[in-house]
Amino acid sequence: MIRLRNNIILPLALLSAWLLVTKYELFSPYLLPSPQRTFTVFWQLFLDGTLTRHLSISLLRVLGGFFCSCLVALPLGILCGRSTRFHDFFWPVLEFLRHVPPLAAIPLIILWFGIDEASKLMIIFLASFFPLFLNTYGGIKNCDTKLLEVGSSLHFTAWQTARYIQLPAAVPSILVGLQLALGYSWRALIGAELIAASSGIGYMILDAEQMSRPDIVLVGIFCIGILGTLINRLFLKLTCKLLPWQGKAGDD
Amino acid sequence: MPIKIDALTKVYSTAEIKVTALAPTTLSFADHSFTTIVGKSGCGKTTLLRLLAGLEEATNGTVSFSTKKPEIGFVFQEPRLMPWLTVAENIAFAIRKGGLSTEKLPQLLDILGLSAFARSYPSELSGGMAQRTALGRTLFQNPDIILMDEPFGALDYFTRKGLQETLLDLFRLERKTIIFVTHDVEEAILLGERVLIMQKGAIIGDIPVKLTYPRDPAASEVLTLRRQILEGLESKNVKVVDES
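Scope of this entry: the structure provided in the associated data block. (Residues numbered from 1 in each chain as written. Chains lettered and ligands numbered in written order. Predicted model: local features only at pLDDT ≥ 70, side-chain atom pairs only at ≥ 80, totals over all residues. Heavy atoms only, no water.)

### Things to note about the overall build of chain B
Logical step 1: Secondary structure summary: chain B contains 7 helices and 9 strands in total.
Logical step 2: Computed over the C-alpha atoms, the radius of gyration of chain B is 18 Å, within 12% of the 18 Å expected from 2.2 N^0.38 for a compact globule of 244 residues.
Logical step 3: For chain B, buried positions account for 52% of its 244 residues.
Logical step 4: Accessible area for chain B stands at about 11,100 Å²; split by element, carbon and sulfur atoms hold 51% of it.
Logical step 5: Taking the average location of the 28 positive side-chain charges in chain B and that of its 29 negative ones, the two points are 3 Å from each other. (Helix = DSSP H or I, 4+ residues; strand = E, 2+ residues; numbered from the N terminus. Rg over C-alpha atoms; globule rule 2.2 N^0.38 Å. Buried < 20%, exposed > 50% of the residue type's maximum accessible area, 1.4 Å probe, protein only. Areas by Shrake-Rupley, 256 points an atom, 1.4 Å probe, with all protein chains shown as cover. Lys, Arg positive; Asp, Glu negative; His and termini not counted. Charge placed at Lys NZ, Arg CZ, Asp CG, Glu CD.)

Structure representation (structure tokens):
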């Protein structure tokens, strides 16, 4: 209860400040619309289906890109963590790509993949690949050698060691990677939609800016923030289910 | 003789120095015997055990067994439990390599006093319970030879005593070949049928302990042996009685 109270103090203070600033018109309503106005616009966009349409398109793009990223980053991270040969083969190229921000590659991506869904999926893929790959790789690579030795003492094969020791030991790290990758996907999507799209929440914001509608821009920003928070919460709940052994303390 | 080591040597080399962890050692361990190895820290007793388990490669020498490929179980100094598995799953961990069944798991949990904690995770266990789980994991493997590397070293007196009793009960029941490393002289005498004394990478004493179980730490025979071993650890004047 105390935590909930602490959680809502700052948002309420900011909302109050926003109300006061707009009530006394310290900024022009064309630059900063009031909370009431923003909520009315939100409700209108929700009722006519515009908001749901843009949000669902963006969400599908995020999930699609994130899924593709999982398909490549997870096995590659495991292989590089397990095998020095794989690591040495892939590392120079991956290290180079890691330092190139996905937004810097947008012109080339548009040139190669056009402005359809493929380019957006590619941007999301690039943005979410590295957090997931690096966390998977790190989780496998940094597996406690003492646990690996238990496998050796039981005469486990390389496959059994990977399957029953390294992979489960890497799960917490992989989940952190998934969580980060999801957040990065969302940010990259908005970037991609702001540049080349005819639908999605990023496009809705850009379109509103061109139509001088800061209220719609604010609705878009709030939706992104709230949806991102909800997805993260959902993910944390899932993490608790998958890692029941974590956070349990014993009395020695 | 199920285990015979011949001129077994381990040297750790770096660019600057060479450290002989185990000087050339020739020794054998009888079938169904309980041998304890005692010595100061860094004297090479863990190295000897790890070489026997195949966890390290010898610089020289050989280890041979009477049976072609005996099942060897290893109990480490720390429990080394898989944090994502429950007590029961940790004990049955060896099932993953195949050829074992969970049939004897309830009995094992019962013997080790862990039935009530079967579904607990390692983070919820005390040090003693965790080490009992580790012992259970090795016993579940049903090994011919059990190698134990100071398994009770980090435990308090009462927990250690309880685990020593459990181990002796299991030894009398199943008569596995046990090689038990410890730095505690009293523990070595109370458990072993034979005590090997190690110093600076060499076996300097081999003392048979012909006392019945359970042994009283205050008994005069135990105290005499204790004095003899302690003198041996201080100097090299121990009479070697190699029964092999």
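### A few points about the interface of chain B and chain A
Logical step 1: Listed as interface residues are 23 residues of chain B and, on the opposing side, 21 residues of chain A.
Logical step 2: When chain B packs against chain A, the two sides together hide about 2,100 Å² of surface, and 64% of this comes from carbon and sulfur.
Logical step 3: For the interface between chain B and chain A, the tally reads 3 salt bridges.
Logical step 4: The salt bridge partner of Glu-78 of chain B is Lys-146 of chain A, with a shortest N-O separation of 3.9 Å.
Logical step 5: Linking chain B with chain A are 5 residue pairs in polar contact (both at pLDDT 80 or more), by the criterion used here.
Logical step 6: Of all the elements in the fold, those that place two or more residues in the side of chain B that touches chain A are strand 5 (72-75) and helix 4 (127-140) of chain B.
Logical step 7: For the side of chain B that touches chain A, the residue count by class is 11 nonpolar, 4 polar and 8 charged. (Contact = heavy atoms within 4.5 Å. Buried area = accessible area lost by both parts, 1.4 Å probe. Salt bridge = Lys/Arg side-chain N within 4 Å of Asp/Glu carboxyl O. Polar contact = N/O pair within 3.5 Å; in protein donor to acceptor, adjacent residues only side chain to side chain. Nonpolar A, V, L, I, M, F, W, Y, C, P; charged D, E, K, R; others polar.)

### Considering the sheet that holds strand 8 (residues 194-199) of chain B
The pairing of strands in a sheet happens through backbone hydrogen bonds and is either parallel or antiparallel.
Residue and element names in this part refer to chain B.
Logical step 1: Strand order in the open sheet formed by 6 strands is 5-6-7-3-8-9, and the pairing between neighbours is mixed. With one partner strand each, in any of the chains shown, strand 5 and strand 9 (202-208) form the two edges of the open sheet. Neighbour to neighbour, the strand axes of the sheet diverge by 15 degrees on average, direction disregarded.
Logical step 2: Pairing analysis gives 6 bridges linking strand 8 to strand 9, with the strands arranged antiparallel. Considered in strand 9, the bridge of Arg-194 is made with Pro-208. (Pairing = 2+ DSSP bridges. Axes fitted to C-alpha atoms, helices over the stretch in contact; angles between N-to-C directions.)

### Thoughts on the nonpolar core
Logical step 1: Counting 109 residues, the largest nonpolar core has Phe-34, Ile-91, Leu-147, Met-148 and Leu-167 of chain B as its most contacted members.
Logical step 2: In terms of residue count, helix 8 (residues 158-195) of chain A provides more of this core than any other element does, 10 residues in total.
Logical step 3: Of all hydrophobic cores here, the second largest spans 13 residues; its members include Ile-197, Ile-204, Ile-207 and Leu-225 of chain B. (Core = buried A, V, L, I, M, F, W, Y, C linked by side-chain atoms within 4.5 Å.)

### A short note on unusual backbone geometry
Residue and element names in this part refer to chain B.
Logical step 1: A cis amide bond links Tyr-213 with the next residue in sequence, Pro-214, at an omega value of -10 degrees.
Logical step 2: Summarising the element assignment, Pro-214 is placed in the loop between strand 9 and helix 7 (220-234).
Logical step 3: Its identity is not glycine, yet Arg-175 carries a phi of approximately 50 degrees, on the positive side.
Logical step 4: Relative to the assigned elements, Arg-175 resides in the loop between helix 5 (157-174) and strand 7 (177-182).
Logical step 5: Exposure remark for Arg-175: the relative accessible area of 34% places this residue in the partly exposed category.

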